[in-house]
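Each chain, written out:
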Amino acid sequence: MSSLRVLRHLYISSRVIQQARHITETKPCRNTYLLNNCTAMTVMPVRCYAKKKGKKHNSKIDVSRSADDDILDLNDVKAKMQAVLDHLKDEYVKQLTVRTTPGALDHIVVSTNDGKIPLNQLGQITMKSSQKFTINMISSPQEVNAAVKAIQNSGMNLNPSSDGTIITVPVPKVTKEHRESLAKNAKGLCDKTKVNLRNVRSKVMNDIKKHKDHSSKDTLRLLEKQVQQITDEFNEHAEHLLTSKTKELLGDRKSVV
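A. Local environment of the pattern of salt bridges. Scanning all chains against the criterion turns up nine salt bridges. Here Asp 69 makes a salt bridge to Arg 65, at a shortest N to O gap of 3.9 Å. Under the relative-accessibility criterion, Arg 65 is labelled exposed at 56%. The partner of Lys 194 in a salt bridge is Glu 239, with the nearest N and O atoms 2.1 Å apart.

B. Representation of the pairing of strand β4 (residues 115-118). Two elements, strand β3 (residues 109-112) and β4, share four bridges in a ladder whose sense is antiparallel. In the sheet register, Val 109 faces β4, and the bridge partner there is Pro 118. Linking two consecutive strands that pair antiparallel, namely β3 and β4, is a turn of two residues.

C. Layout of the environment of Lys 210. Position of Lys 210 relative to the elements: it lies in the loop between α5 (176-209) and α6 (217-249). Separated by 139 residues in sequence, Lys 210 and Ile 71 have C-alpha atoms that sit 9.4 Å apart.

D. Examining the packing of helix α2 (residues 74-95) against α5 more closely. One way to put it is that α2 packs onto α5 with a least axis distance of 10 Å and a crossing angle of 165°. Overall, the two elements α2 and α5 adopt an arrangement that is roughly antiparallel. Crossing of α2 over α5 shows right-handed handedness. Where α2 abuts α5, its residues Val 77, Lys 80, Met 81, Val 84, Leu 88, Glu 91, Tyr 92 and Gln 95 lie against Leu 182, Ala 186, Leu 189, Cys 190, Thr 193, Asn 196, Leu 197, Val 200, Arg 201 and Val 204. Here the residues of the contact of α2 with α5 are counted per class, giving twelve nonpolar, three polar and three charged.

E. Spotlight on the sheet that holds strand β7 (residues 161-163). The strand order across the open sheet formed by four strands is β5-β6-β8-β7, and the pairing between neighbours is antiparallel. For this open sheet the edge positions go to β5 (124-129) and β7, each flanked by a neighbour on one side alone. Strand-to-strand, the axes of this sheet are offset by a mean angle of 25°, without reference to chain direction. Note that β7 and strand β8 (residues 166-170) share three bridges and pair antiparallel. Residue pairing for β8: Ser 162 is matched across the bridge by Ile 167. Together, β6 (132-136), β7 and β8 form the strand contacts of helix α4 (residues 144-152), whose direction differs from that of β8 by roughly 15°.

F. Structural view of the confidence of the model for the protein. The pLDDT averaged across the protein works out to 82; a share of 74% of its residues lies at or above 70. Considering only residues more than four positions removed or in separate chains, one finds that residues 26-44, a stretch of pLDDT under 50, has 25 contacts. Note on residues 253-257: pLDDT under 50 across the span, and eleven contacts to partners over four residues away in sequence or across chains.

G. Expanded view of α6. Over its 33 residues, α6 runs 48 Å from end to end, which matches the ideal 48 Å to within 8%, given 1.5 Å per residue. Just downstream of α6, Gly 251 is the residue with a positive phi angle, here 85°.

The rules behind each value
- Residues numbered from 1 in each chain as written.
- Predicted model: local features only at pLDDT ≥ 70, side-chain atom pairs only at ≥ 80, totals over all residues.
- Heavy atoms only, no water.
- Salt bridge = Lys/Arg side-chain N within 4 Å of Asp/Glu carboxyl O.
- Buried < 20%, exposed > 50% of the residue type's maximum accessible area, 1.4 Å probe, protein only.
- Pairing = 2+ DSSP bridges.
- Helix = DSSP H or I, 4+ residues; strand = E, 2+ residues; numbered from the N terminus.
- Axes fitted to C-alpha atoms, helices over the stretch in contact; angles between N-to-C directions.
- Parallel < 35°, antiparallel > 145°, perpendicular 65-115°, else oblique.
- Left-handed = near helix turned anticlockwise from the far one by under 90°.
- Contact = heavy atoms within 4.5 Å.
- Nonpolar A, V, L, I, M, F, W, Y, C, P; charged D, E, K, R; others polar.
- pLDDT = per-residue confidence, 0-100.
- Expected span 1.5 Å × (residues − 1).

What follows is the structure, encoded as structure tokens:
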């Protein structure tokens, strides 16, 4: 009897092991518990992952009209910021022009007895070559000396000479270092423009805050968002001008500012 009992125990044990192997092969798990009735309970580990925080997308708002015209005139804000941007364009044309381009002297203003007059209105400017300009002052011979002085003080490192009513302006070769210096100045002017845009923004924001006692918070918050969006757009315009001007100055391509 004892032998039969041992054989029976061994048979049951082998069956239990076979069932356990079958379960673990078809259902992988880390822990399998065999119960008294030879069934298996599989414990599947579950790993919880933290949800990733999505990036905030600031949606555009309507800036075609003010959220409250009585508090803020958005067209006035845009006009002030446009004036700042236009000043940057003028500075790029006047101060940061590669000398070998046609029209490089057009921005120079001459002080005369009749006031300040653009050089191209006093004489005919001709670009003879990439290294020389000539200015025919036949229509304003009395302003030759004033024109020469204005060219010398233009900040373009030019040394003109005159012979009667003809002014000759030799143009030094534009070096890589000079182009890089101009590009650096272009960035400086762009940064200054952004500061001026922020100054306009700050003043407008302060004006909005003055209405906090008799206007809803939602209205004031929307006005602030409108002003911020307009500021961001003008900053983008300034960056675009900088990129275009830098490529022009470094000789990558000709760009119109």
